[in-house]
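# Structure at a glance
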Amino acid sequence: MTDTAPLYDCRDAWAETLVELGNADPRIVAVVNDSVGSSKLAPFQEAFPERLINVGIAEQDMVGVGAGLANGGKIPFVSAAACFLTARAMEQIKVDAAYSGHHMVLVGQSPGVAYGELGPTHHSIEDLAWLRTIPGLTVIVPSDPEETRQAVRWAAHHDGPVFLRVSRMGVPSVNPEGYAFEHGRAVTLREGTDVTLIATGTVVTRALSAADALARDGVSARVLSMPTISPIDADAIVAAARDTGAIVTMEEALPTGLGGAVAEVVVREAPVRVRSLGIREFAPTGSAEWLLDHFGMSPEGIAATARDLVGK
């Protein structure tokens, strides 16, 4: 990866795709919690004013309304800041969305530490660890705008509940030309034989940069992007463990989300050394980029963890 690659806000890709879907299917509706602006849904509201429902700052009601719309034959996209959507409405996500098996898409906006200086009250570092434990709920974390577009389209046609984590932190395009999102499948972005770096969302680009740094030191790093956290791609994890003998995971979240899911597969199927990077505590004040660096997920920090793990 180059430091000069243009950066994109994945919320733009999400919003554009929802308008596209709305034009094609009148069942598509949006439900928000006084978050039209931060969800970038003004174009959808302008195009379909009668198909956007703003419940105000009432996240539990928001998910319940979405479930009711799904029960009535609509396809609701329930959009809010990830911290408020998941923490305040967890029971509704569990019961109204997952247990009830409704076709609805929960869109967690600006997750992880994207709110930077607003601090832990606005950070959503627990969401992946919480949500991956809920049976029947698909959890998707796109890494770039094209993957975001494809995941939104996939979720619109998936007959079941989905949580889609949409980042606001600027990211470059990391997937190859012609890339096609596959539910529950990892993406091999770089081959390697000494260690595997498994990343999701905003830190995929950092994993690629770390692999470049490791290559300069003679360490061959495989890079797996893991856009689906649940169901996890166990086959790709087992192959990586057996081929490289060491795994480093990284996520803009507690390391019990992706990291925990990978560790569960490894300990059951192919025990190897694993290190998990993530936001391990309530974060101090700082920009999102600084916070990722602070918690060891700069390219240099990732590379250092990998070198230590493989003894080079």
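Notes on the structure in this doc start here. (Residues numbered from 1 in each chain as written. Predicted model: local features only at pLDDT ≥ 70, side-chain atom pairs only at ≥ 80, totals over all residues. Heavy atoms only, no water.)

## With respect to the pairing of strand β3 (residues 75-81)
With seven of its seven residues buried, β3 lies for the most part within the structure. Across five bridges, β3 lies against strand β4 (residues 105-109) in parallel orientation. Bridging from a neighbouring strand, alanine 80 pairs with glycine 108 of β4. (Buried < 20%, exposed > 50% of the residue type's maximum accessible area, 1.4 Å probe, protein only. Helix = DSSP H or I, 4+ residues; strand = E, 2+ residues; numbered from the N terminus. Pairing = 2+ DSSP bridges.)

## Considering helix α3 (residues 59-71)
End to end, α3 covers 18 Å across 13 residues, agreeing with the expected 18 Å (1.5 Å per residue, within 8%). For α3, the complete set of buried residues consists of Glu59, Met62, Val63, Gly66, Ala67 and Ala70. Down the axis of α3, the buried set is contained in an arc of 135°. They therefore lie on one face. On its buried side, α3 packs onto β1 (28-32), β3, α4 (82-88), α5 (90-99) and β4. (Expected span 1.5 Å × (residues − 1). Arc of directions from axis to C-beta. Contact = heavy atoms within 4.5 Å.)

## Things to note about the sheet that holds strand β10 (residues 228-230)
Ordered in space as β2-β1-β3-β4-β6-β5-β10, the seven strands form an open sheet in which the pairing is mixed. Two strands close off the open sheet at either side, each with one partner strand: β2 (52-54) and β10. Each strand axis lies, on average, 20° off the axis of its neighbour in the sheet, ignoring direction. With three bridges connecting them, β1 and β2 associate as parallel partners. Within β2, the position partnered with alanine 30 by the bridge is leucine 52. (Axes fitted to C-alpha atoms, helices over the stretch in contact; angles between N-to-C directions.)

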